[in-house]
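Each chain, letter by letter, is given below.
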Amino acid sequence: MGPLSRRAFALAALTSLVTAPGAVALPGAGAPVRRPRGTTEMRGVWVATVANRDWPSQPGLPADEQCRELIAHLDRAVRDRLNTVILQVRPTADALWPSPYEPWSEFLAGTQGRDPGWDPLGTAVREAHARGLELHAWCNPYRIALDTDLDRLAPTHPAREHPDWVVAYGGKLYYNPGLPQVRAFVRRAMLDAVAKYPVDAVHFDDYFYPYPVAGQTFDDDEAYDRYGGDFGSRAVWRRDNINKLVQEMAAGIRRVRPGTRFGISPFGVWRNASTDPRGSDTQAGVQTYDDLCADTRRWVREHWIDYIVPQLYWNIGFAAADYAKLVDWWAAVAKGTRTRLYIGEALYKAGAAGQPSAWQDPVELSRHLTLAARRPQVRGHVFFAAKDVAADPIGAMARVVADHYERSAKPPR
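Description of the structure in this document. Just so we're clear, the structure is a prediction, and the values are computed from it rather than from any experiment.

**As for the pairing of strand β5 (residues 166-169)**
In the case of a regular strand, side chains alternate between the two sheet surfaces.
Thinking step 1. Of the pairings in the sheet, the one linking β5 to strand β6 (residues 172-175) comprises four bridges and is antiparallel in character. The residue bridging Ala 168 from the neighbouring strand is Leu 173, located in β6.
Thinking step 2. A loop of two residues connects β5 with β6, the two strands running antiparallel in sequence, and Gly 170 in this loop sits at a positive phi of about 60 degrees.

**Brief notes about the pattern of salt bridges**
Thinking step 1. This structure, assessed with the given rule, holds 30 salt bridges.
Thinking step 2. Put simply, Arg 68 and Asp 64 hold a salt bridge, and the shortest N to O gap is 3.7 Å. Note that Arg 68 and Asp 64 are positioned in helix α2 (residues 63-79) at a spacing of four residues, about one turn of the helix.
Thinking step 3. With a shortest N-O distance of 2.6 Å, Asp 75 and Arg 131 are connected by a salt bridge. Of this pair, Asp 75 sits in helix α2 while Arg 131 sits in the loop between α4 (120-130) and β3 (134-139); the two residues are 56 residues apart in sequence, bridging distant segments of the chain.
Thinking step 4. The class of Asp 75 is partly exposed, set by a relative accessible area of 27%.

**Things to note about the packing of helix α11 (residues 323-334) against helix α12 (residues 364-372)**
Thinking step 1. The interhelical angle for the contact between α11 and α12, taken along N-to-C directions, is 35 degrees, at an axis separation of 11 Å. Between α11 and α12 lies a crossing of right-handed hand. Every residue of α12 that contacts α11 at Tyr 323, Ala 324 and Val 327 is listed here: His 368, Leu 371 and Ala 372.

**A closer look at the nonpolar core**
Thinking step 1. Core analysis: the biggest nonpolar cluster contains 130 residues, and Tyr 175, Phe 204, Phe 262 and Phe 383 have the highest contact counts within it.
Thinking step 2. The element that contributes the greatest number of residues to this core is α11, accounting for nine residues.
Thinking step 3. Among residues more than four places away in sequence, those in contact with Phe 262 are Val 202, Phe 204, Val 246, Met 249, Ala 250, Ile 253, Trp 304, Ile 305, Asp 306 and Tyr 307.

**Describing the packing of aromatic side chains**
Thinking step 1. The tally for this structure, following the rule as stated, stands at 23 aromatic pairs.
Thinking step 2. On the numbers, 5.5 Å between centres and 45 degrees between planes, the contact of Trp 165 with Phe 185 is tilted. Taken together, the positions of Trp 165 in the loop between α5 (158-161) and β5 and Phe 185 in helix α6 (residues 180-196) put the pair 20 residues apart, joining distant regions of the chain. Exposure class is identical for Trp 165 and Phe 185. Each is buried.
Thinking step 3. Residues Tyr 211 and Phe 267 carry aromatic rings whose centres are separated by 6.2 Å and whose planes lie at 85 degrees to one another, so their mutual orientation is edge-to-face. Of this pair, Tyr 211 sits in the loop between β7 (201-204) and α7 (221-227) while Phe 267 sits in the loop between β8 (261-264) and α9 (288-291), and the two are 56 residues apart along the sequence.
Thinking step 4. According to the relative accessible area criterion, Phe 267 is buried, its value standing at 1%.
Thinking step 5. Among the aromatic residues, those joined into a ring-pair cluster are Trp 46, Tyr 313, Tyr 348 and Phe 384.
Thinking step 6. Between Arg 143 and the ring centre of Tyr 207, over which it is positioned, the NZ or CZ distance is 5.3 Å.
Thinking step 7. Over the face of the ring belonging to Trp 270 we find Arg 297, whose NZ or CZ atom lies 5.6 Å from the ring centre.

**Concerning the pairing of strand β11 (residues 378-383)**
Thinking step 1. Among the six residues of β11, five are classified as buried, and the element is accordingly described as predominantly covered.
Thinking step 2. By the bridge criterion, four bridges tie strand β10 (residues 340-345) to β11 in an arrangement that is parallel. Across the sheet, Gly 344 pairs through a bridge with Val 382, a residue of β11.
Thinking step 3. Between the parallel pair β10 and β11, the chain is carried across by α12, and the sense of this crossover is right-handed.

**Examining the environment of Gly 113**
Thinking step 1. Along the polypeptide, Gly 113 turns up in the loop between α3 (106-109) and α4.
Thinking step 2. It is 8.6 Å that separates the C-alpha atoms of Gly 113 and Leu 153, two residues lying 40 residues apart in sequence.

**Comments concerning the sheet that holds β5**
Thinking step 1. The sheet built from three strands is open, its strands ordered β4-β6-β5 with antiparallel pairing. Strands at the two margins of the open sheet, each flanked by one partner only, are β4 (143-145) and β5. The mean inter-strand angle of the sheet, taken between neighbouring strand axes irrespective of direction, is 35 degrees.

**Examining the side chain of Thr 288**
Thinking step 1. Position of Thr 288 among the secondary structure elements: in helix α9.
Thinking step 2. When neighbours within four sequence positions are excluded, Thr 288 is seen to be in contact with Phe 267, Val 269, Trp 270, Cys 293, Ala 294 and Thr 296.

**Some words on α4**
Thinking step 1. Burial analysis of α4 places eight of its eleven residues in the buried class, the great majority of the element.
Thinking step 2. Considered for burial, the residues of α4 that qualify are Pro 120, Leu 121, Gly 122, Thr 123, Ala 124, Val 125, Glu 127 and Ala 128.
Thinking step 3. On the buried face of α4, the contacting elements are α2, β2 (84-90), α3, β3 and α6.
Thinking step 4. One or two steps after α4, the chain reaches Gly 132, where phi turns positive at roughly 80 degrees.

**Things to note about the sheet that holds β7**
Thinking step 1. The eight strands are arranged β1-β2-β3-β7-β8-β9-β10-β11 in a closed barrel whose pairing can be described as parallel.
Thinking step 2. Looking at chain direction, strand β1 (residues 42-47) and β2 are connected through four bridges and run parallel. Of the residues in β2, the one forming a bridge with Gly 44 is Thr 84.
Thinking step 3. In the packing of α6 onto the sheet, the strands contacted are β2, β3 and β7, and the crossing angle to β2 comes to about 135 degrees.
Thinking step 4. Each of β9 (307-308), β10 and β11 touches α11; the most contacted strand, β10, lies at about 160 degrees to it.

Here is what the cut-offs are and how they apply
- Residues numbered from 1 in each chain as written.
- Predicted model: local features only at pLDDT ≥ 70, side-chain atom pairs only at ≥ 80, totals over all residues.
- Heavy atoms only, no water.
- Pairing = 2+ DSSP bridges.
- Helix = DSSP H or I, 4+ residues; strand = E, 2+ residues; numbered from the N terminus.
- Salt bridge = Lys/Arg side-chain N within 4 Å of Asp/Glu carboxyl O.
- Buried < 20%, exposed > 50% of the residue type's maximum accessible area, 1.4 Å probe, protein only.
- Axes fitted to C-alpha atoms, helices over the stretch in contact; angles between N-to-C directions.
- Left-handed = near helix turned anticlockwise from the far one by under 90°.
- Contact = heavy atoms within 4.5 Å.
- Core = buried A, V, L, I, M, F, W, Y, C linked by side-chain atoms within 4.5 Å.
- Phe/Tyr/Trp six-rings, centres within 6.5 Å; stacked < 30°, edge-to-face > 60°.
- Lys NZ or Arg CZ within 6 Å of the ring centre and 35° of its normal.
- Right-handed = clockwise from strand over helix to strand, strands pointing away.

These values are about where atoms sit, not about what they do.
This is the structure we're talking about:
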């Protein structure tokens with residue numbers, strides 16, 4: 001997620017595809033479909049901290065100014081009748097709370113490991129709950145750094161203490177998901193937040209094995225030689241590594257704080273139907289099952305997670321990955337399961353230069369909610385991201401609020 005992640009990869013995933021046509025008309029598009037009064041639905045917003053995408057506006061601000069900016073995002077969520085804030089609290093193997101496992105995030109004080117002088121996660125939970133908002137703690141499991149220089153990390157950073165855990169790939173550093181000790185460590189580090197704070201959920205984004213980079217290989221040969229012998233291929237072994245993280249994290253959350261939920265927001269295409277008949281009618285350049293080794297469909301069908309928020313960051317009628325077709329596909333996957341389905345919405349594309357004509361229309365996003373409301377499995381939406389909710393350059397968010405959020409709603413439990 002963020003300008004170096006969500007935005008880039010949502011576009012990069014379709015680089016091999018044709019340019020999309022504009023949005024198609026929906027029956028009744030002029031009369032938004034609203035859920036019956038008294039129902040619950042997810043109305044969420046992501047607050048990305050990586051590279052100071054949404055918050056804080058820049059590193060090194062005084063603690064009181066950081067706090068004011070955070071509270072402004074919470075207040076904005078309330079004004080737009082949202083009910084959930086998904087705050088990125090572990091963006092690059094660091095922490096936005098006093099963690100015994102990982103250093104303070106550089107996106108706070110400007111230097112990794114430097115105490116920012118306050119407790120952002122603790123404050124966010126308290127202030128969100130005071131406003132009737134849920135607070136979901138968003139963690140990136142494996143990303144360590146946005147460059148490949150280990151020496152830039154804090155001296156006590158676990159990656160410097162255990163360089164054998166680290167893989168450089170695509171100009172970034174990652175923990176190796178194939179090492180059991182890595183899986184145990186990242187789980188412990190994330191569960192520390194659950195133990196300390198009454199967060200309503202733990203939230204993973206779309207990064208498991210990294211998005212593919214042309215001409216580069218993720219070097220996990222040694223780990224595969226040591227641990228992959230019982231698997232038919234490296235791909236099967238890698239998927240098992242991620243499956244274990246998801247299952248063990250879910251069990252840990254239930255053990256540490258019963259009632260806290262676990263959700264994941266993957267890239268929107270599990271597999272194309274041309275690859276797998278169970279897949280979606282898409283031609284995406286990235287498939288989570290194959291490229292990120294994340295079997296997101298299985299996690300839903302077997303209820304390993306409490307909710308899923310596929311990032312459906314394309315317009316209605318987009319030839320390579322049609323929002324309408326993907327909503328139908330995900331609704332069919334979620335049908336009959338106990339996993340809640342919410343839809344990730346690309347608010348950041350509304351009015352953005354270089355986007356298809358559909359995204360220049362302030363009504364496009366409202367059409368998404370109108371369409372999704374006809375699928376009972378869709379229980380709400382999450383918008384990327386907080387800075388765009390606040391700026392709303394062409395009024396797309398304002399149109400969503402006017403058309404669909406006339407009254408407040410409680411998030412599903």
